[in-house]
Amino acid sequence: MFGYVVVNEPELRIREFHEYRSYYCGLCRVLKEKYGIRGQLTLSYDMTFLAMLLSLLYEPQETECLDRCVLHPIRKQQIKNNKMIEYVADMNVLLTWYKCRDDFRDEGNIIKGIYGKSIEKKVKNIGLCYERQEKIVKECMNSLLMLEKMGNLDIDRLSGIFGHLLEEIFVVKQDEWEKYLRNIGFYIGKFIYIVDAYEDLEQDRRKGCFNPFLEREKEEGFDEWVKQLLTMIAAEFAKTFEKLPITENVDILRNIIYSGIWTKYEEVKRKRMALEKKETSR
């Protein structure tokens, strides 16, 4: 959906990378089986992280196979499947539908509107199975849309709403791990919202769309302030993650939490700096 919660691939061992890919390919396979090619289009690294986190925490009964796909027609890929991956596939489609709906309403994005309409019936079925999650996602997306239309620039409030949305998605069961998963989901949601707004600054300015940073960007030290804000947020979900009793493949998740998210941020920042330099030289 967003693609900010990624692995730092060069820092992974070969075995670890193949293990991570088995969750990514597993999520892709479930999306195709349940929702067709339209479902596969919703695949994201962010939700792959959640699929892996929940799988390693709850250790559900799992199946594993080697198979080819369109993207990998020659070499067979390791593919995992379990109830947690299936849950994340449903949440992935649910989130994508609401994002498409709001992009259509807010920007008049016809392509997103058509795509959203094509998965609408599937989303209604997801809502029936996961009433708690669907209710919160709907409420949070509506709140965000309202505040953005009002021009509210309170980044803590805006990112907090998306954080509350994602924390509900992270909670697959209301059990002893709920408070930890809520905290991780909340702060990852804030992180995603802020990096997304940071990356979209130039595009939103050009299109005349809302962005909570459009005014603050003019202030001295803006980029460093964003980095500090993200650092504090990342520290919160990292601290909570370390309280979970995950041992198997924990280094892959740590790679994402401590390194992967920053590789994506640095990529966004480099593009922004290059664009600024180009604008200045004109």
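The structure under discussion appears in the preceding block.
I will try to describe carefully the structure that is included in this document. Being a predicted model, the structure only gives us computed values, none of them experimental. (Residues numbered from 1 in each chain as written. Predicted model: local features only at pLDDT ≥ 70, side-chain atom pairs only at ≥ 80, totals over all residues. Heavy atoms only, no water.)

## So, the overall build of the chain
On a plain count of helices and strands, the chain comes out with 11 helices and 2 strands. Listed N to C, the secondary structure of the chain is α-α-β-β-α-α-α-α-α-α-α-α-α in terms of helices and strands. Against the compact-globule benchmark of 19 Å for 282 residues, the chain has a radius of gyration of 19 Å, which places it among compact chains. Partitioning the intrachain contacts of the chain with sequence separation of at least 6 by distance along the chain shows that 73% fall at a separation of at least 24. Total accessible area computed for the chain in this model is approximately 14,600 Å², and 52% of it derives from carbon and sulfur atoms. (Helix = DSSP H or I, 4+ residues; strand = E, 2+ residues; numbered from the N terminus. Rg over C-alpha atoms; globule rule 2.2 N^0.38 Å. Contact = heavy atoms within 4.5 Å. Areas by Shrake-Rupley, 256 points an atom, 1.4 Å probe, with all protein chains shown as cover.)

## Comments concerning the environment of tyrosine 4
Mapped onto the fold, tyrosine 4 is located in the segment before α1 (14–40). What makes tyrosine 4 buried here is its relative accessible area of 2%. In this structure, the C-alpha to C-alpha distance between tyrosine 4 and glycine 39, residues 35 residues apart in sequence, is 20 Å. A polar atom in the side chain of tyrosine 4 sits 2.4 Å from the side chain of glutamate 199. (Buried < 20%, exposed > 50% of the residue type's maximum accessible area, 1.4 Å probe, protein only. Polar contact = N/O pair within 3.5 Å; in protein donor to acceptor, adjacent residues only side chain to side chain.)

## Some thoughts on the packing of aromatic side chains
Tallied over the full model, the rule gives 14 aromatic pairs. Relative to tyrosine 187, the ring of phenylalanine 186 has its centre 5.0 Å away and its plane inclined at 80 degrees; by these criteria the two rings are edge-to-face. Like phenylalanine 186, the residue tyrosine 187 is buried in the burial classification. Pairwise contacts between aromatic rings join Phe191, Tyr198, Phe213, Phe222, Trp225, Phe237, Trp262 and Tyr265 into one cluster. Sitting over the face of the ring of tryptophan 225, arginine 216 holds its NZ or CZ atom 3.7 Å from the ring centroid. Residue placement shows lysine 227 over the ring face of tryptophan 262; its charged tip is 5.6 Å from the ring centre. (Phe/Tyr/Trp six-rings, centres within 6.5 Å; stacked < 30°, edge-to-face > 60°. Lys NZ or Arg CZ within 6 Å of the ring centre and 35° of its normal.)

## A look at helix α8 (residues 178–199)
With 22 residues, α8 should reach 32 Å at 1.5 Å per residue; the first-to-last C-alpha distance of 31 Å fits that figure. Within α8, 18 of the 22 residues are buried, leaving the element largely enclosed by the surrounding structure. (Expected span 1.5 Å × (residues − 1).)

## A short note on the environment of aspartate 67
Within the secondary structure, aspartate 67 sits in strand β1 (residues 63–67). Remark: the alpha-carbon pair of aspartate 67 and arginine 15, spanning 52 residues in sequence, is separated by 18 Å. Among the polar contacts listed, one links the side chain of aspartate 67 to the side chain of arginine 29, at a separation of 2.9 Å.

## Points about the packing of helix α2 (residues 45–58) against α8
Contact geometry of α2 with α8 gives a least axis separation of 13 Å together with a crossing angle of 165 degrees. Classified by the angle between their axes, α2 and α8 sit roughly antiparallel to one another. For α2 against α8, the interelement crossing comes out right-handed. Across from Asp46, Phe49, Leu53, Leu54, Leu57 and Tyr58 in α2, the residues of α8 making contact are Leu181, Ile188 and Ile192. Grouping the constituent residues of the contact of α2 with α8 by class yields 8 nonpolar, no polar and 1 charged. (Axes fitted to C-alpha atoms, helices over the stretch in contact; angles between N-to-C directions. Parallel < 35°, antiparallel > 145°, perpendicular 65-115°, else oblique. Left-handed = near helix turned anticlockwise from the far one by under 90°. Nonpolar A, V, L, I, M, F, W, Y, C, P; charged D, E, K, R; others polar.)

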